[in-house]
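The residues making up each chain are set out below.
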Amino acid sequence: MEACNNYYYATRDPLGRDGDFTTAPEISQMFGELVGAALADCWTRAEQPTDAVYVELGPGRGSLAADALRVLRSAGFAGAGHLVETSPVLRALQGKRVPDAQWHEAIEDLPAAPMLLVANEFFDALPIRQSVEGIERRVEVIGDGLAFDRDGVIVEQSPAREEAVSAIATCLVQYGGAALVIDYGHERSAPGDTLQAVRGHRYVPTLIDAGEQDITSHVDFEALGRSASGVGAKVTPTVTQGDWLNRLGIGARAASLATANPERIPELEKAVDRLCHEEQMGQLFKVMAIHSPDWPAPAGFET
Ligand code: SAH
């Protein structure tokens, strides 16, 4: 999965109508603006440390970074933008949206500073391991194709995700800051096969055309939370994307954009529906924040 995705992202821009899938920041500027507003509010309540930096993991086309940084700048945040991205194709696109960004290959290369971090649809792309009755499920070459070597009740684990979360959480504990993790997945760990492949906006079989389609799996937020608390960070409850965006005021943001641009009303209504409705992204997508014990929890997670 790691090799397939490294090749896949390094060789194309997979996002948007002509690509394989569309993400929340590509649906509407409101998504990134609300991420920016949540981070700006948290930074303000943490007494606006001037050495804080904006960090994004897997920033795609850079749309989320551009929208979030616009709001952060208007709140007085002057910190640099640090992007963790391995794909040269996507780095070039990000450079157009965030010209003064600094790029890093890995979380470990980030500067020693308080961080305002966001990861949208980053963790789903990190590799998982599947096992059946405690035995790892492997992929075999059979004839011209690939096949799994065993079936049954599947349990998924992702050492790569756990390592990434503990690296972030360790930075937050050491230097301060808050991180927003947004992805499709489940609040509680549970057995089940969630490996999926998408190409041209359709689900396709996972083991064909390795490296030519987007392979992901659902994110286990309970496991992420365990890794973050294990190194001493604070973790908020996991909430649905629909509830989170509503609490952050997507309705008010859409109304103010509609007043200023009445011709955009149909597009704005459609965007709110896609991002928040439970049959669209509102329920399947979850949001969790991880923060330093010295920083307040970001808004939107109140229970
Ligand atoms: N966050 C963006 C894009 C999501 S697609 C959006 O919401 O639109 C996944 C992103 O993660 C891409 O930018 C991809 O190149 C990047 N990525 C995938 N695996 C990575 C890894 N191991 N390290 C750094 N970036 C990675």
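The structure reproduced in this document is the subject of the present report. Just so we're clear, the structure is a prediction, and the values are computed from it rather than from any experiment. (Residues numbered from 1 in each chain as written. Predicted model: local features only at pLDDT ≥ 70, side-chain atom pairs only at ≥ 80, totals over all residues. Heavy atoms only, no water.)

1. Some thoughts on the packing of aromatic side chains
Applying the stated criterion across every chain yields a total of five aromatic pairs. A ring pair is formed by tyrosine 8 and tyrosine 9, whose centres lie 5.1 Å apart and whose planes are at 80 degrees; its orientation type is edge-to-face. The residues tyrosine 8 and tyrosine 9 share a single accessibility class, namely buried. Above the plane of the ring of phenylalanine 148 lies arginine 137, whose end atom (NZ or CZ) is 3.7 Å from the centre. (Phe/Tyr/Trp six-rings, centres within 6.5 Å; stacked < 30°, edge-to-face > 60°. Buried < 20%, exposed > 50% of the residue type's maximum accessible area, 1.4 Å probe, protein only. Lys NZ or Arg CZ within 6 Å of the ring centre and 35° of its normal.)

2. A closer look at a negative patch on the surface
The grouping of Glu108, Asp109, Glu162 and Glu163 at the surface amounts to a negative patch. If you trace the backbone, glutamate 163 turns up in helix 6 (residues 159-175). Classification of glutamate 163 as exposed rests on a relative accessible area of 57%. (Patch = residues over 30% accessible without salt bridge, like charges linked within 9 Å, V, L, I, M, F, W, Y side chains within 5 Å. Areas by Shrake-Rupley, 256 points an atom, 1.4 Å probe, with all protein chains shown as cover. Salt bridge = Lys/Arg side-chain N within 4 Å of Asp/Glu carboxyl O. Lys, Arg positive; Asp, Glu negative; His and termini not counted. Charge placed at Lys NZ, Arg CZ, Asp CG, Glu CD. Helix = DSSP H or I, 4+ residues; strand = E, 2+ residues; numbered from the N terminus.)

3. Notes on the side chain of glutamate 156
One can find glutamate 156 in strand 9 (residues 154-157). Looking at glutamate 156, its side chain comes within polar contact range of the main-chain nitrogen of threonine 194, at 2.7 Å. When neighbours within four sequence positions are excluded, glutamate 156 is seen to be in contact with Ile128, Arg129, Gln130, Gly192, Asp193, Thr194, Leu195 and Ser217. (Polar contact = N/O pair within 3.5 Å; in protein donor to acceptor, adjacent residues only side chain to side chain. Contact = heavy atoms within 4.5 Å.)

4. Some points on the site of the ligand
The immediate surroundings of the ligand are formed by 16 residues, with Thr23, Gly58, Gly60, Glu85 and Asn120 found nearest. Glycine 60 is positioned with one of its backbone polar atoms (N or O) 3.0 Å from an oxygen atom of the ligand. Here the ligand has 570 Å² of accessible area as a free molecule, and 92% of this is covered by the chains. Class assignment for the residues of the shell around the ligand results in eight nonpolar, six polar and two charged. (Near = heavy atom within 4 Å. Nonpolar A, V, L, I, M, F, W, Y, C, P; charged D, E, K, R; others polar.)

5. Looking at the sheet that holds strand 13 (residues 214-216)
Pairing between the strands of a sheet comes from backbone hydrogen bonds, and it takes one of two forms, parallel or antiparallel. With antiparallel pairing, three strands are arranged side by side in an open sheet as 12-11-13. Two strands in the sheet have a free side with no partner beyond their single neighbour: strand 12 (202-204) and strand 13. Taking each pair of neighbouring strands and ignoring which way they run, the sheet shows an average axis angle of 40 degrees. Bridge analysis of strand 11 (residues 196-199) against strand 12 gives three bridges, and the strand direction is antiparallel. Bridging from a neighbouring strand, valine 198 pairs with tyrosine 203 of strand 12. (Pairing = 2+ DSSP bridges. Axes fitted to C-alpha atoms, helices over the stretch in contact; angles between N-to-C directions.)

6. As for a nonpolar patch on the surface
A cluster of nonpolar side chains, Val139, Val141 and Leu146, forms an exposed patch at the surface whose accessible area comes to about 270 Å². Mapping valine 139 onto the fold places it in strand 7 (residues 139-142).

7. Thoughts on the pairing of strand 1 (residues 53-57)
With five of its five residues buried, strand 1 lies for the most part within the structure. Covered by surrounding structure in strand 1 are Val53, Val55 and Leu57 together with Tyr54 and Glu56, the residues of both alternating faces. For strand 1 and strand 4 (residues 115-120), the ladder comprises four bridges, and the chain directions are parallel. Looking across to strand 4, one finds that valine 55 is bridged to leucine 117. Direction of pairing for strand 1 relative to strand 2 (residues 81-84): parallel, over a ladder of four bridges. Within the sheet, the bridge partner assigned to leucine 57 lies in strand 2 and is valine 84. Read as a crossover between parallel neighbours, the route from strand 1 over helix 4 (residues 63-74) to strand 2 is right-handed. (Right-handed = clockwise from strand over helix to strand, strands pointing away.)

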